[in-house]
Amino acid sequence: MEKRLVNPDNLCMGCMAELPGPYARCPHCGFETRNYRRPQNSLPLYEIVNGKYLIGRVIGIGGFGITYIGWDFYQSKKVCIKEYFPRAVAARNTHADTYSEQISVSVQYSMMYTRNPSRAQYAYMEGLKTYIEEAKTLSRFYLMPGIVSVRDFFYGNNTAYIVMEYIDGIDMKRYAKARGGRLSPGELFPILRDVLKALDEVNRAGIIHRDISPDNIMLTRDYKAKLIDFGAARDFAVRNGPVLLKHGYAPIEQYYRDGKQGAWTDVYSMCASIYYLLTGVRIPDAGERQKQDTLQSLQAMGVSVSEGQDRAVMKGLHIEAEERYPAIAALYRDLYGEAI
């Protein structure tokens, strides 16, 4: 069936719904272009990248990227566009701050965080190459349930972009909060099946996520969970990378530049997420646990899991990597009583 052309001036830059006219207040999400305040270093509304993707509002900013809602002119659908932008070494040089004027954007190397500009440039370019290589790897899992689909990736504006499916739903952290702060095992474990299977496949491809948490697991309107935000992902073989972590979800090896990371790193973060979603309690930082571990089992916290499931989650949360499951598949087996 032929796609209907949509006037970009009539699209809401907040949710990409079609509006009755340009710059009208969106009746779906309430977004108004005139009231939008563009976050620092982000692209302006209505910017077009790679000749076919329209940039909307910023929906997320992390240490390694800026995420926008977007519109795919070829497919006539909204998408999620992630721009590689490591804040520690990059700054955008913009010469205009209006939405109607086309501006020239480029990424410049910042002296703010380093005394050696060549080192900053090298770090930026190496990260850029890795970003695209990992996008290529993730694109292989396009049709796999449990993981956000990578639809396109390309270079532009002296940086790179990954185009992903837009997931219309809610993250698991907010979902649990809306359900009283914690979920029952009977609800949570079925939801996470596809996520664990997908993560195991990604790990087998040599990629670790490194940023798994309840707010990086999205639940769609038809109650399908998908793991998102691979901005901190890296290849197993990379050593001495930057320290990136989320307190309460990152294992001890992520606290060190030379920490040996692998699938067991994602095992810890996934189990920490499960623990939070079942108890409503974020576990103490790994560094604190190393000094004095006061973490209680799920059953001790009043969660009605089986003995086997309790042991599985606690094994996955072991401080020492050698004592954890070496791979998600082993965790899955003990949680569900079957192989992936």
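A brief look at the structure comes next. (Residues numbered from 1 in each chain as written. Predicted model: local features only at pLDDT ≥ 70, side-chain atom pairs only at ≥ 80, totals over all residues. Heavy atoms only, no water.)

Moving on to the overall build of the chain. Each helix and strand in the chain was counted, giving 7 helices and 13 strands. The buried share among the 340 residues of the chain stands at 51%. (Helix = DSSP H or I, 4+ residues; strand = E, 2+ residues; numbered from the N terminus. Buried < 20%, exposed > 50% of the residue type's maximum accessible area, 1.4 Å probe, protein only.)

Now for the sheet that holds strand β1 (residues 48-49). Spatial ordering of the open sheet is given by β1-β2-β3-β4-β8-β7, a layout of 6 strands whose pairing is antiparallel. At either end of the open sheet lies a strand with only one pairing partner, and these are β1 and β7 (150-156). Pairing of strand β3 (residues 65-72) with strand β4 (residues 77-84), which is carried by 8 bridges, proceeds in the antiparallel orientation. From the neighbouring strand, I69 faces β4, where its bridge partner is C80. (Pairing = 2+ DSSP bridges.)

In the contact formed by helix α3 (residues 185-204) and helix α4 (residues 263-279), the axes pass within 12 Å of each other and the chain directions differ by 165 degrees. Relative to α4, α3 is oriented roughly antiparallel. Relative to α4, the crossing made by α3 is right-handed. Across from P185, L188, F189, L192, V195, L196, L199 and N203 in α3, the residues of α4 making contact are A263, D266, M270, I274, L277 and L278. Taken together, the residues of the contact of α3 with α4 sort by class into 12 nonpolar, 1 polar and 1 charged. (Axes fitted to C-alpha atoms, helices over the stretch in contact; angles between N-to-C directions. Parallel < 35°, antiparallel > 145°, perpendicular 65-115°, else oblique. Left-handed = near helix turned anticlockwise from the far one by under 90°. Contact = heavy atoms within 4.5 Å. Nonpolar A, V, L, I, M, F, W, Y, C, P; charged D, E, K, R; others polar.)

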